Amino acid sequence: EIMREMRFAVLGAGRLGQTLGHLLARQGHTPVGLTCRTLRSARQAAAFIGGGTPTTSNVRAAAGADLILIGTPDRASAPLAEDLARSNLTWSGRVVAHTSGALSSVVLEPLKRRGARVASLHPLASIADPRAGVQRLEGTPFAIEGDPQSVRILRALVPTIGGVPVAIPARAKALYHLIACLLSNDLVALLSIGFEAATGLGLNPR
C-alpha cells in the first residue's frame, strides 16, 4: 500500500530530512512544505530537495501533506507532536513519521488520538552530508515501527527510494538504538582508542 504521488512535508529538514526529501521528490512525490529553525536554512533545504514551500511554521508546512516526516532533534519530537495536534488541521488518514533512532512512535500519541497514522522511520546509516547521503542510503536497512497501516505504507515506500525495510516492534526501539550505537559510534571510538594506543608503542597505524 503506497499513496500514489504523495504530497509530503519535512519538519526539521536537516541532513537526514533533506536526504529523504530529495529521494522522495526524485520518485515523483511532491514536496509541499519544509521547515528549519531559520527561513534561510529552509530555503536551502527546498533547493536541495527540489521544491516545497520553505517556512518556519510547522503547521503551515504540514497543511497540504499526506506524509509528514519529522526530522527534528529527539527532544523536540514530543512538543512538536503536541503543537501539531492542537492545530486546526485534520489528521485523519495522514501518515506522520519521525526519524529518530532512539524514540518510538509513542511520542506521536497526540497525533494518533487525532486520527493520524503514526510511525518511526530510521535508516541504519550516519548522514554527514545530504549529497553523499542520497547515494549512501542505497541498500540501507530502515527500521520501521508504528501502527499497522503506517508500517504497511512505509514498508512499501522504502524500497522505492533504495532502502531495505525492517519492521520492528515499538518495545524494541531502545535495543535498535543500542545496536546502532555499538555498530557505529562505539566501534569508531574503539578503533580510535586502539590506533592511539598502538601509535604510542611506535606501531604505524597503517
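For clarity, every value in this text was computed on a predicted model and none was experimentally measured.

**Student:** What should I look at first to understand the overall build of the chain in this one?
**Tutor:** The helix and strand tally for the chain stands at eight helices and eight strands. In terms of overall size, the chain behaves like a compact globule, its C-alpha atoms giving a radius of gyration of 18 Å where 206 residues would be expected to give roughly 17 Å. For the chain, the spread of C-alpha atoms along the three principal axes comes to 65 × 35 × 30 Å. With 206 residues in all, the chain has 44% of them scored as buried. Accessible surface, the chain as shown: approximately 10,600 Å² in total, 54% of it carbon and sulfur.

**Student:** Just checking my understanding: could you explain the sheet that holds strand E6 (residues 117-123) for this structure?
**Tutor:** Sheet strands pair by backbone hydrogen bonding; their relative direction is either parallel or antiparallel. In spatial order, the strands read E3-E2-E1-E4-E5-E6-E7-E8; together these eight strands make up an open sheet with mixed pairing. Edge strands, defined here as strands with exactly one partner in the open sheet, are strand E3 (53-55) and strand E8 (164-167). Each neighbouring strand pair of the sheet contributes to a mean axis angle of 25 degrees, computed without reference to strand direction. Sheet analysis places strand E5 (residues 95-98) next to E6, joined by four bridges and oriented parallel. Paired with Val-96 across the strands is Val-118, a residue of E6. Against the sheet, helix H8 (residues 173-200) makes contact with E5, E6 and strand E7 (141-146), and its axis sits at roughly 15 degrees relative to E6, the strand it touches most.

**Student:** Just checking my understanding: could you explain the pairing of E5 for this structure?
**Tutor:** Within a regular strand, the side chains alternate between the two sheet faces. The alternating pattern of E5 places Val-95 and Ala-97 on one face and Val-96 and His-98 on the opposite face, and all of these are buried. Here strand E4 (residues 67-70) runs beside E5; their pairing, made up of four bridges, is parallel. Bridge assignment links Leu-67 to a residue of E5, and that residue is Val-95.

Parameters and conventions
- Residues numbered from 1 in each chain as written.
- Predicted model: local features only at pLDDT ≥ 70, side-chain atom pairs only at ≥ 80, totals over all residues.
- Heavy atoms only, no water.
- Helix = DSSP H or I, 4+ residues; strand = E, 2+ residues; numbered from the N terminus.
- Rg over C-alpha atoms; globule rule 2.2 N^0.38 Å.
- Buried < 20%, exposed > 50% of the residue type's maximum accessible area, 1.4 Å probe, protein only.
- Areas by Shrake-Rupley, 256 points an atom, 1.4 Å probe, with all protein chains shown as cover.
- Pairing = 2+ DSSP bridges.
- Axes fitted to C-alpha atoms, helices over the stretch in contact; angles between N-to-C directions.
- Contact = heavy atoms within 4.5 Å.

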